[in-house]
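# Report on the structure
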Amino acid sequence: MKYVLMFVETEQFAKELEAIGELEQRAAYEAVGRWFADHADKITHHTHLAPVHTATTVRLQGGGEPVVTDGPFVEGKEVISGFAEVEVADLDEALKLARSWPACPIVEIRPVS
């Protein structure tokens, strides 16, 4: 079964990452790299998204003209910073992967239909 794990960055997490030293940042990124390497047999695709300030949103108004704006697709203090598509046996296995994620404090899991 395929799921997408969406890695959600919070403002607090971003501030904490910015505040730590270069060596600690490197260690954090290396932990993410190890996570991907450890689960490579289940990951079918993954990517890191460009920063939220690069986003463009198209809001489709019921019958009206679409409205195009700069910025993230939702208003809030949490943004999806990347995702991984995984092929696993079931939701329990997807949850196990999500629980071991070493970075952003939130992982949203959705089945791929």
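Just so we're clear, the structure is a prediction, and the values are computed from it rather than from any experiment.

As a further point, take the sheet that holds strand 6 (residues 106-111). Spatially, 2-5-1-6 is the arrangement adopted by the 4 strands of the open sheet, whose pairing is antiparallel. Strand pairing shows two members of the sheet lacking a second neighbour, strand 2 (43-48) and strand 6, which therefore form its edges. Averaged over all neighbouring strand pairs, the angle between strand axes comes to 20°, with direction disregarded.

On the surface, V58, L60 and V68 cluster together into a nonpolar patch covering about 320 Å² of accessible area. Among the structural elements, L60 can be located in the loop between strand 3 (56-59) and strand 4 (67-70). With a relative accessible area of 70%, L60 lands in the exposed category.

Turning our attention to the nonpolar core. Residues F7, W35, F36, V86 and W101 are the most contacted members of the largest nonpolar core, which totals 16 residues. Elements represented by at least two residues in this core include exactly strand 1 (2-10), helix 1 (11-19), helix 2 (22-38), strand 5 (78-87) and helix 3 (91-99). Non-local contacts of V86, meaning those with residues more than four positions away in its chain, are made with M1, K2, Y3, L5, K42, I43, T44 and L97.

With that settled, the discussion passes to the packing of aromatic side chains. This model, assessed by the stated rule, comprises 6 aromatic pairs. With a centroid separation of 5.9 Å and an interplanar angle of 90°, the aromatic rings of F7 and W35 are classed as edge-to-face. Of the two residues, F7 is situated in strand 1 and W35 in helix 2; the sequence distance between them amounts to 28 residues. The exposure classification of F7 matches that of W35, with both residues buried. Taking the centre distance of 3.8 Å and the plane angle of 10° together, the rings of F7 and W101 count as stacked. You can see F7 sitting in strand 1 and its partner W101 sitting in the loop between helix 3 and strand 6, a full 94 residues away along the chain. Residue classification places F7 among the buried residues on the basis of a relative accessible area of 3%. Classification of W101 as buried rests on a relative accessible area of 11%. Taken together, F7, W35, F36 and W101 form an aromatic cluster joined through their ring pairs.

Moving on, we come to helix 3. Those residues of helix 3 not exposed but buried are A94, L97 and A98. One side of helix 3 carries all its buried residues, which in axial view fall inside an arc of 100°. Residues D92, K96 and R99 are exposed on helix 3 and point more than 90 degrees away from its buried face. Residues of helix 3 that are buried make contact with strand 1, helix 2, strand 5 and strand 6. The N-cap residue of helix 3 is D90: its side-chain oxygen and the backbone nitrogen of D92 are 3.2 Å apart.

Looking now at the confidence of the model for the chain. Close inspection of predicted coordinates is inappropriate for parts of the model with low pLDDT. The predicted model of the chain averages 90 in pLDDT, with 95% of residues at 70 or higher. Between the elements of the chain, mean pLDDT differs from a low of 80, seen in strand 4, to a high of 96, seen in helix 2.

So, how was this worked out
Residues numbered from 1 in each chain as written. Predicted model: local features only at pLDDT ≥ 70, side-chain atom pairs only at ≥ 80, totals over all residues. Heavy atoms only, no water. Pairing = 2+ DSSP bridges. Helix = DSSP H or I, 4+ residues; strand = E, 2+ residues; numbered from the N terminus. Axes fitted to C-alpha atoms, helices over the stretch in contact; angles between N-to-C directions. Patch = residues over 30% accessible without salt bridge, like charges linked within 9 Å, V, L, I, M, F, W, Y side chains within 5 Å. Areas by Shrake-Rupley, 256 points an atom, 1.4 Å probe, with all protein chains shown as cover. Salt bridge = Lys/Arg side-chain N within 4 Å of Asp/Glu carboxyl O. Buried < 20%, exposed > 50% of the residue type's maximum accessible area, 1.4 Å probe, protein only. Core = buried A, V, L, I, M, F, W, Y, C linked by side-chain atoms within 4.5 Å. Contact = heavy atoms within 4.5 Å. Phe/Tyr/Trp six-rings, centres within 6.5 Å; stacked < 30°, edge-to-face > 60°. Arc of directions from axis to C-beta. Polar contact = N/O pair within 3.5 Å; in protein donor to acceptor, adjacent residues only side chain to side chain. pLDDT = per-residue confidence, 0-100.

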